[in-house]
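In case you want the letters, here they are:
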Amino acid sequence: MKVQELENILTFEKIDNSKLTKEDFVVLEEAKEEAKREKRYMLYYYLHTFLHIQSFNSNAGYPIAQKIKMVINARREKSWQ
């Protein structure tokens, strides 16, 4: 998973203004499947929830995006220790 690419997608500006592209959704879906394969269930759950919310309201989901970023940052900090 390209973490930087994922973080660039999950910005307030892109989510709140419905600017997520089809390519963004492909990246999110691939990240979700990769998280599942790697047994990173919290990340999988948040990505799944975000995609579900986006499916019926393209302006929603920013709080979940923040949680996804939190999980990514926690893993990043853990790997640095």
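The residue numbers shown here count from 1 along each chain, following its written sequence. The predicted nature of this model means local features are confined to residues of pLDDT at least 70 and side-chain atom pairs, given and counted, to a pLDDT of 80 or more, with totals for whole chains, interfaces and linings taken over all residues. For the side-chain quantities, the full set of heavy atoms in the structure was used; hydrogens and water were omitted.

Peer 1: It is not clear to me how helix α4 (residues 41–56) should be interpreted in this structure. Could you clarify?
Peer 2: One full turn of an α-helix is made of 3.6 residues, so residues set three or four places apart face in the same direction. Segments assigned H or I by DSSP are reported as helices when at least four residues long, segments assigned E as strands when at least two residues long, and all are numbered from the N terminus. Take the residue count of a helix, subtract one, and multiply by 1.5 Å to get its expected span. The end-to-end C-alpha distance of α4 is 23 Å, a good match for the 22 Å that 16 residues give at a rise of 1.5 Å each. The rule is simple: take the accessible area with a 1.4 Å probe, protein chains only, and divide by the maximum for that residue type; under 20% is buried, over 50% is exposed, in between is partly exposed. Of the residues making up α4, those classed as buried are L43, Y46, L47, T49, F50, L51, I53 and Q54.

Peer 1: Please clarify how the side chain of K69 should be interpreted in this entry.
Peer 2: With respect to the helices and strands, K69 occurs in helix α5 (residues 62–80). Although K69 is buried, it forms no salt bridge, and the closest oppositely charged side chain is E7 at an N-O distance of 6.8 Å. Polar contacts involving the side chain of K69 include one to the main-chain carbonyl oxygen of L10, which spans 2.8 Å. Apart from the residues within four sequence positions on either side, K69 is in contact with E7, L10 and T11. The charged-residue count follows a simple rule in which Lys and Arg add positive charge and Asp and Glu add negative charge, with His and chain termini not counted at all. The salt bridge definition used is simple: a Lys or Arg side-chain nitrogen within 4 Å of an Asp or Glu carboxyl oxygen. Residues adjacent in sequence count toward polar contacts only when both atoms are side-chain atoms; beyond that, a polar contact is any pair of N or O atoms within 3.5 Å, and within protein one must be able to donate a hydrogen and the other to accept it. By definition in these notes, contact holds between two residues if any of their heavy atoms fall within 4.5 Å.

Peer 1: What exactly am I supposed to notice about the packing of aromatic side chains here?
Peer 2: Centre-to-centre distance and the angle between the planes together describe a pair of aromatic rings. When two rings of Phe, Tyr or Trp (its six-membered ring) have centres within 6.5 Å they constitute a pair, described as stacked for plane angles under 30 degrees, edge-to-face for angles over 60, and tilted for the intermediate range. One pass over the full model with this rule turns up two aromatic pairs. The interplanar angle of 85° and the centroid separation of 5.1 Å between the aromatic rings of F12 and Y62 together place this pair among those described as edge-to-face. Taken as a pair, F12 in helix α2 (residues 12–16) and Y62 in helix α5 lie far apart in primary sequence, 50 residues in all. Look at F12 and you get partly exposed, because its relative accessible area is 39%.

Peer 1: Just to check I follow, could you spell out helix α3 (residues 22–37) for this structure?
Peer 2: Spanning 16 residues, α3 covers 23 Å between terminal C-alpha atoms, matching the ideal 22 Å at 1.5 Å per step. When α3 is considered as a whole, its buried residues turn out to be D24, V27, L28, A31, K32, E34 and A35. All buried residues of α3 lie within an arc of 165° about the axis, which places them on one face of the element. Facing away from the buried side of α3 by more than 90 degrees, the exposed set consists of K22, E23, E30 and R37. Where α3 is buried, its residues contact α1 (3–9), α2 and α4. Just past α3, the residue K39 takes up positive phi, approximately 60°. Directions from the helix axis toward the C-beta atoms define the arc.

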